[in-house]
Amino acid sequence: MSTIEQHKVVDSRGSFCPGPITDLFKAYRSSQLGDVIELLATDPAARADVTAWAQKSGNELVDIIDEQGYIRIVVKITKKRS
Amino acid sequence: MQRVVVVGSGDGGTFTANLLASELRNEIHGGLASVQLVGEHLKHPFQPGNLDIAFKGASPDKYVKVETELLRKEVDFIHDPAVKIDFTARSVATVSGRTLNYDYLVIATGAVADPSKIPGLAEGAMNFHTGAKDSQRIWESLQSFKEGTVIVAIAGTPHKCPPSPNEAAFMLDDFFHKRGIRDRVKIKFLTPYPRPYPAEKISHVVEPLFMEKGIEVTTFFNVDSVDPSKRKIYSLEGEAFDYDLLIAVPPHHGADVIINSGLGDADGYIPTDKGTMKVKGQDGVYAIGDATDIPVSKSGVVAHLQSVVVAHNIVSEMTKSSDILEYNGRINCPMEVGPRRAIFVSATYTSPPSDQSPSMVKYYMKRSFAMIYWRALNGSLESIFDIFFGQTRFPAAKQQEGEKPLIVVKSSQRSDKAYA
């Protein structure tokens, strides 16, 4: 049985460290391989934190986009223990 | 008659009930107001004491008092756990079948540490977040531990007392040193965060101390499961570590009464205005402490500071006053970082923790809090706390213009009392 890949938007705007990365991990916990998580954050530390996590964990950092007043970090789940 | 019901008799609930009873004492004696505190436990623990029970062998009796002895006589303590809160009917149902109607409600139901949320965690790990008995189990296990790997893991966020996992690692280091077997014990710290402590400035203190003491850190470790038979802990990211003793902070969620009443978010925390502490979308309903979804530390100090705001705002609502306060996100979490050394993790919504150095003075301040906690619950230390904590709340209308000094209006000074 195939599963449908999910696209989740996690809005952490207004939240400061460790809020955004914690919100990302919540989404990661309930995600499946192939899912895409978009993290919206106003905390500039989210950029480095998510990048470091993706590098270490082997998940794919698809993009980091500077939006007006916040950043949009796109991660594809390619590594997760099942 | 103005009826206030406070649900939950932990730090925040007990203190809020006492503050309201103090402010409204004349009205309560005159039959114009009531303060009911709905609680599950007759005994009130000082929860930070669990660290001392687990890692220093302190007696649990040292950290517990009878709830009714902590309450002003004007508080009607109802030892009958709440099972349902109905915002529409403005009522609280208790396990014995009572229905308590309210005009104002304070939800102080706390957070629940729940090892069952991670496969194998309840069987494979011990913890000091589920009470004094479980903390004692850690102390007992440490007595017979001779060599091997002890893992301290954060198995879910947010959790109560953010510094406590770091403190546990420091205390283990001290314990094994005192027993003379530190060289035979590997202490490993597993955290989902990018660094040993989530706030960068605090991590600047913790990280070198962990290195100095040989406490190994693995970051970005989101606990997936534990296999008790293999004594192995696994992360979602695919890492795994063997352990001989596993001490893990369990995932937390909101109280059952909140979840069963359908009032919380996905984790059972109540959507709350981070300034006024009003439950979003509700009139006359407030939430404080660990029960809320506010992104600040789940700690007693936070609940305490929010209680002051909530009690003030309820009295203002009763008196039709526009004098509403907002909590500014002040946190103040002490962290022991080795023998007789501590730091304070202090911040607000707009000011992250700053650089600091461990000191003996901070250590003894932390230790003294275990003694003054009980007096703090009756409000008699507020003038000292106002000096120590500085600004923790602001007049609501003024906050957007900039942080103005607090102007406290005591009940005796109010000229606009108009209790219905």
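Here the residue numbering is sequential within each chain, running from 1 through the sequence in written order. Key to labels: chains lettered from A, ligands numbered from 1, both in the order written. Note on the predicted model: pLDDT of at least 70 is required for a residue's local features to be given, and 80 or more for side-chain atom pairs to be given and counted; whole-chain, interface and lining totals, by contrast, use all residues. Side-chain numbers come from the whole structure's heavy atoms, not from hydrogens or water.

**Q** If you had to explain the overall build of chain A to someone new, which residues and values would you point to?
**A** Counting its regular elements, chain A contains two helices and four strands. Starting at the N terminus, helices and strands are each numbered in turn, a helix being any DSSP run of H or I of at least four residues and a strand any DSSP run of E of at least two. Helices (α) and strands (β) of chain A occur, in sequence order from the N terminus, as β-α-β-α-β-β. Radius of gyration: over C-alpha atoms. The globule rule applied is 2.2 Å multiplied by the number of residues raised to the 0.38 power. Computed over C-alpha atoms, the radius of gyration of chain A comes to 12 Å, within 12% of the 12 Å expected from 2.2 N^0.38 for 82 residues, which places it in the range of a compact globule. Partly exposed describes any residue whose relative accessible area lies between the buried limit of under 20% and the exposed limit of over 50%, with all areas from a 1.4 Å probe on protein chains only and scaled to the type maximum. Taken across its 82 residues, chain A has 44% of its residues classed as buried. Each accessible area is a Shrake-Rupley estimate made with a 1.4 Å probe; only the visible protein chains count as cover when residues are assessed. Surface exposure of chain A reaches about 4,300 Å², of which carbon and sulfur atoms provide 51%. The charge count includes Lys and Arg as positive and Asp and Glu as negative, but it does not include His or the ends of the chains. Charged side chains are reduced to one point each, which is NZ for Lys, CZ for Arg, CG for Asp and CD for Glu. In chain A, which carries 11 positive and 11 negative side-chain charges, the distance between the mean positions of the two groups comes to 9 Å.

**Q** How would you explain the interface of chain B and chain A if you had to name every residue and give the values?
**A** Taken together, the 22 residues of chain B in the interface contact 17 residues of chain A. Of the roughly 1,700 Å² buried where chain B meets chain A, counting both sides, 56% is carbon and sulfur surface. Buried area is a sum: the accessible area each of two parts loses on coming together, probed at 1.4 Å, counted once for each and added. Three residues stand out in chain B for area buried against chain A, namely Phe220(B), Leu236(B) and Glu237(B), and they jointly supply 38% of the buried area on that side. The salt bridge criterion pairs a side-chain nitrogen of Lys or Arg with a carboxyl oxygen of Asp or Glu, the two atoms within 4 Å. One can count four salt bridges joining chain B with chain A. For Lys26(A), the salt bridge goes to Asp267(B), with nearest N and O atoms at 3.1 Å. Only strand S14 (223-227) and strand S15 (232-235) of chain B provide two or more residues apiece to the side of chain B that touches chain A. Of the residues in the side of chain B that touches chain A, the class split is eleven nonpolar, six polar and five charged. Two residues qualify as a contact provided that any one of their heavy atoms is within 4.5 Å of a heavy atom in the partner residue. The residue classification treats Ala, Val, Leu, Ile, Met, Phe, Trp, Tyr, Cys and Pro as nonpolar and Asp, Glu, Lys and Arg as charged. All others, Gly included, are polar.

**Q** Got a sec to walk through helix H1 (residues 11-23) of chain B? Specific residues and values, please.
**A** Residue and element names in this part refer to chain B. Between the first and last residue of a helix there are one fewer steps than residues, each counted as 1.5 Å, and that sum is the expected span. The terminal C-alpha atoms of H1 lie 18 Å apart, and with 13 residues this matches the ideal 18 Å at 1.5 Å per residue to within 8%. Judged by how many residues are buried, H1 sits mostly within the fold: twelve of 13 residues are covered. Within H1, the full set of buried residues consists of Asp 11, Gly 12, Gly 13, Thr 14, Phe 15, Thr 16, Ala 17, Asn 18, Leu 19, Leu 20, Ala 21 and Glu 23.

**Q** Which residues make up the state of the cysteines, and what values go with them?
**A** All names here are of chain B. Here, the term disulfide refers to a pair of cysteine sulfur atoms separated by no more than 2.5 Å. Tallied over the full model, the rule gives zero disulfides over all chains. Left unpaired, Cys 161 is separated from the closest cysteine sulfur, that of Cys 333, by 6.2 Å. On the accessibility criterion, Cys 161 (25% relative accessible area) is partly exposed.

**Q** Tell me about the side chain of Thr276(B), and please be specific about residues and values.
**A** Residues and elements named next belong to chain B. With respect to the secondary-structure elements, Thr 276 resides in the loop between helix H8 (256-260) and strand S19 (285-287). Engagement of the side chain of Thr 276 in a polar contact is seen with the backbone nitrogen of Lys 278, the distance being 3.3 Å. Beyond its immediate sequence surroundings of up to four residues, Thr 276 is in contact with Tyr 286, Val 309, Asn 313, Ile 324, Leu 325 and Glu 326. By the criterion applied in these results, polar contacts are pairs of N or O atoms within 3.5 Å in which, for protein atoms, one can donate a hydrogen and the other can accept it, and in which residues neighboring in sequence qualify only through two side-chain atoms.

**Q** Could you give me a rundown of the confidence of the model for chain B, with the residues and numbers involved?
**A** Confidence scores here are pLDDT values: one per residue, from the predictor, ranging 0 to 100. Considering every residue of chain B, the mean pLDDT works out to 93; 94% of them sit at 70 or more. Confidence estimates for the predicted assembly give a pTM of 0.92 and an ipTM of 0.93.

**Q** Describe the pattern of salt bridges, and please don't skip the residues or the numbers.
**A** Residue and element names in this part refer to chain B. Applying the stated criterion to the full structure yields 25 salt bridges over all chains. A salt bridge links Glu 74 to Lys 73; the shortest N-O distance between them is 3.7 Å. The exposure class of Glu 74 is buried, given its relative accessible area of 8%. Residue Lys 73 is classed as exposed on the basis of its relative accessible area of 73%. Between Arg 393 and Asp 386 there is a salt bridge whose closest N-O contact spans 3.1 Å. Where salt bridges share partners, they join Asp 52, Lys 56, Glu 167, Glu 336, Lys 366 and Arg 367 into one cluster.

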